[in-house]
Amino acid sequence: LSLDDAKQQGLVGERATGYLGIVTGSPNAELKRMVDEINRKRQALYQDKASKAGVAIDIMELRTGQRLQERAPAGEYIQDQNGQWQRK
Amino acid sequence: LNLKANVDLSKPHGRINFNLPAFSLQQAMSLYAPLLPASLKPLQIQSGSTEMNGWLAINYQDWHLKASPRLSDLSLSWDETTQVQGVSLTTDLELNQSFNLTGQGSLDVQQTDSGIRIYGPRVDFKLNGQLPEEIQLSLSPFSLSVLDGIIALPALTFNPLHPTIDTRVAVAALDLQDILALYPQEGLYGSGMLGGELPIRIDGDRVEINNGQLLSSAEGGVIRYQPTPEIALMGQQNPGVKMALNALTDLRFELLDLGFDYQPDGDAFFRARLKGYNPDWQQGRPIDLNLNIEENLLDLWRTLQLSNQVTDTIDRRFQR
Amino acid sequence: CTPTVQVAAPAEPITINLNVKIKHEILVKVDREIDDMLDENSELF
């Protein structure tokens, strides 16, 4: 199962924090593992890029999250300010 | 898709006429979005329709396809940063069994907004070559209207799949006032008509300008700059800056010679030479001001995008 | 006649050279890093 498939099937979506969130109420183990692994890799990237740009990591997370949500195509899920999943 | 065929399958020999009546691209886009390649992810279509008609003639193992796809009133956005409106395309394409392609048509774009507004182009084109890789696209000369000025390009021929273009772009009637308004610098005003030539090289997505030059018109122009407190402070500490600031309070120039280089990574180098005088400084003694400015225009472009995108939360975080 | 002294502006021009390097706000650097990150790791985003 690729990330794009999971997104198109509405299983996962982009959160405002720059990390991936699980949308489905009943995720299987494989899905949970994939989301955790992707978020772990994203965090390492955020840390590296934040130091390159000379900013705190949360700036990098927040700004990436915002851009990923903007770029999410119609039909995929994004999480709004109070944690509700909205279908774009 | 409407088909009308009369084909003798034994040889085979015959002809199939096809017609695809106009349908909305927006619906098609959201329907087939999952099938599109990842590189098209940032593309979003707001309106526009497409239609096509043509025929396929078969004669034993030879075949000849003619198709005339049309696009009308298409408007789309790319990655929320670039908006293109009023795109229409008419084209006639022909293909045969050895995949030789020929075609011609015309493209009309009303307006593109990407931090800066560009009107046009309207351009005629010809296509020929061999699918899938050896395609040559020939464009007629066309012009764009930017900042109330005109940018004119000569006829161009390149492979659209890996474009390598080496051309000279003519610039006319560009008002300094509009250029400065693009990136408002507190206290800076300028006016004067500029024109000239920018030798541009495009290689794939890498754009480069070497030794571009813009010159002011015969009427010259004026630059007035009231420095911000920080800049004024810098003036006190640096005599060169102080003299420039004094000259620029009201510089009436009869010549502005602007040299310009732009590199693929966005770094731009401006070499501005101003000949003029300032009526309020040194009794209007003639001034020869050489101003070398270095700036990354991709960063500038991103700033123009950011100004309308950044949420307050991020903004406030920076004010503290 | 009484000579009049006219203060004419000195003829030869004042030459001023100035080099300016414009650095953009930090947020733009952030966006630049994000662009690289998205390009290089598309499978994660």
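Residues numbered from 1 in each chain as written. Chains lettered and ligands numbered in written order. Predicted model: local features only at pLDDT ≥ 70, side-chain atom pairs only at ≥ 80, totals over all residues. Heavy atoms only, no water.

## Overview of the sheet that holds strand β2 (residues 20-22) of chain A
Residues and elements named next belong to chain A. Reading across from one edge, β2-β1-β3-β4 is the order of the 4 strands in this open sheet, with mixed pairing throughout. Here the strands that pair on one side only, and so sit at the sheet edges, are β2 and β4 (85-87). Averaged over all adjacent pairs, the angle separating strand axes in this sheet is 40 degrees, with direction ignored. One ladder, built from 2 bridges, connects strand β1 (residues 12-14) with strand β3 (residues 77-79); its direction is parallel. Its bridge partner being in β3, glutamate 14 is matched across the sheet by isoleucine 78. (Pairing = 2+ DSSP bridges. Helix = DSSP H or I, 4+ residues; strand = E, 2+ residues; numbered from the N terminus. Axes fitted to C-alpha atoms, helices over the stretch in contact; angles between N-to-C directions.)

## Considerations on unusual backbone geometry
Residues other than glycine predominantly adopt negative phi, and peptide bonds predominantly adopt the trans conformation. All names here are of chain B. Cis geometry marks the peptide bond from glycine 120 to proline 121, where omega comes out at 10 degrees. Within the secondary structure layout, proline 121 lies in the loop between β7 (117-119) and β8 (122-130). For the bond running from leucine 131 to proline 132, omega is -5 degrees, close enough to zero to count as cis. Here alanine 173, not a glycine, exhibits a phi torsion of approximately 55 degrees, which is positive. Note on placement: alanine 173 falls in strand β13 (residues 164-175).

## Observations concerning the confidence of the model for chain B
Residue and element names in this part refer to chain B. Per-residue confidence for chain B gives a mean pLDDT of 89; residues scoring 70 or more make up 93%. Averaged over each element, pLDDT in chain B is lowest for helix α6 (residues 312-319) (45) and highest for strand β16 (residues 251-262) (97). Overall, residues 307-320 carries pLDDT values under 50, and its contacts beyond four positions in sequence, including any with other chains, amount to 20 contacts. (pLDDT = per-residue confidence, 0-100. Contact = heavy atoms within 4.5 Å.)

## Focus: the nonpolar core
Generally speaking, a soluble globular protein has its nonpolar side chains buried in company with each other. Counting 49 residues, the largest nonpolar core has Leu139(B), Leu289(B) and Ile16(C) as the members making the most contacts within it. Examining the composition of this core, we find that 6 residues originate from one element, β16(B), more than from any other. For Leu289(B), the residues in contact, after removing those within four places along its chain, are Ala244(B), Leu248(B), Leu251(B), Ala272(B), Arg273(B), Leu274(B) and Ile16(C). Ala6(A), Leu31(A), Leu45(A) and Met60(A) belong to the second-largest nonpolar core, a separate cluster that totals 23 residues. (Core = buried A, V, L, I, M, F, W, Y, C linked by side-chain atoms within 4.5 Å. Buried < 20%, exposed > 50% of the residue type's maximum accessible area, 1.4 Å probe, protein only.)

## With respect to a nonpolar patch on the surface
A contiguous nonpolar patch, built from Leu31(B), Tyr32(B) and Leu35(B) and spanning about 380 Å² of accessible area, is present on the exposed surface. Within the element layout of this structure, Leu35(B) appears in the loop between α1 (25-32) and β3 (43-59). (Patch = residues over 30% accessible without salt bridge, like charges linked within 9 Å, V, L, I, M, F, W, Y side chains within 5 Å. Areas by Shrake-Rupley, 256 points an atom, 1.4 Å probe, with all protein chains shown as cover. Salt bridge = Lys/Arg side-chain N within 4 Å of Asp/Glu carboxyl O.)

## Concerning the pattern of salt bridges
All names here are of chain A. Counted under the stated rule, the structure contains 20 salt bridges over all chains. Put simply, lysine 41 and glutamate 37 hold a salt bridge, and the shortest N to O gap is 2.8 Å. A residue pair is termed a helical-turn pair when its members lie 3 or 4 positions apart in one helix, as lysine 41 and glutamate 37 do in helix α2 (residues 29-53) at 4 residues. By relative accessible area, glutamate 37 is classed as partly exposed at 37%. Between aspartate 48 and lysine 52 there is a salt bridge, with the nearest N and O atoms lying 3.2 Å from each other. With aspartate 48 and lysine 52 both in helix α2 and 4 residues apart, the pair spans about one turn of that helix. Here aspartate 48 falls in the partly exposed class, since its relative accessible area comes to 34%.

## Observations concerning α1(B)
All names here are of chain B. Restricting attention to buried positions, one finds in α1 the residues Leu25, Ala28 and Met29. The buried residues of α1 occupy an angular sector of 100 degrees when the element is viewed end-on, so they sit on one face. Those residues of α1 that are exposed and aimed more than 90 degrees away from the buried face are Gln27, Ser30 and Leu31. Lining the buried residues of α1 we find β2 (13-24), β3 and β4 (62-78). Capping the start of α1, serine 24 holds a side-chain oxygen 3.2 Å from the backbone nitrogen of glutamine 26, two or three residues further along. (Arc of directions from axis to C-beta. Polar contact = N/O pair within 3.5 Å; in protein donor to acceptor, adjacent residues only side chain to side chain.)

## As for the pairing of strand β17 (residues 267-277) of chain B
Residue and element names in this part refer to chain B. Because side chains alternate across β17, one face comprises the buried residues Ala268, Phe270, Ala272, Leu274 and Gly276, and the other comprises Asp267, Phe269, Arg271, Arg273, Lys275 and Tyr277, none of which is buried. Relative to β17, β16 is paired through 10 bridges, and the arrangement is antiparallel. Considered in β17, the bridge of aspartate 257 is made with arginine 273. The antiparallel hairpin formed by β16 and β17 contains 4 residues in its connecting segment, where glycine 266 sits at a positive phi of about 105 degrees.

## Considerations on the side chain of Lys49(A)
Checked against the element boundaries, Lys49(A) lands in helix α2. Those residues within four positions of Lys49(A) in sequence are excluded, and the remaining contacts are Met60(A), Glu33(C), Asp36(C), Met37(C) and Glu40(C).

## Regarding the pairing of β3(B)
The side chains of a regular strand alternate between both faces of the sheet. Residues and elements named next belong to chain B. Pairing geometry for β2 and β3, over 10 bridges, is antiparallel. Residue pairing across strands places isoleucine 16 opposite leucine 56, the latter belonging to β3. What sits between the antiparallel neighbours β3 and β4 is a turn of 2 residues, in which tyrosine 60 has the positive phi angle 55 degrees.

## Let's talk about the packing of helix α3 (residues 229-237) of chain B against helix α4 (residues 239-248) of chain B
Residue and element names in this part refer to chain B. Running from N to C, α3 and α4 point in directions that differ by 125 degrees, and their axes come no closer than 5 Å. In terms of axis orientation, α3 runs oblique to α4. Classified by chirality, the crossing of α4 by α3 is left-handed. Together, Ile231, Ala232, Met234, Gly235 and Gln237 of α3 and Pro239, Val241, Lys242 and Leu245 of α4 make up the contact between the two elements. Of the residues belonging to the contact of α3 with α4, the class tally is 6 nonpolar, 2 polar and 1 charged. (Parallel < 35°, antiparallel > 145°, perpendicular 65-115°, else oblique. Left-handed = near helix turned anticlockwise from the far one by under 90°. Nonpolar A, V, L, I, M, F, W, Y, C, P; charged D, E, K, R; others polar.)

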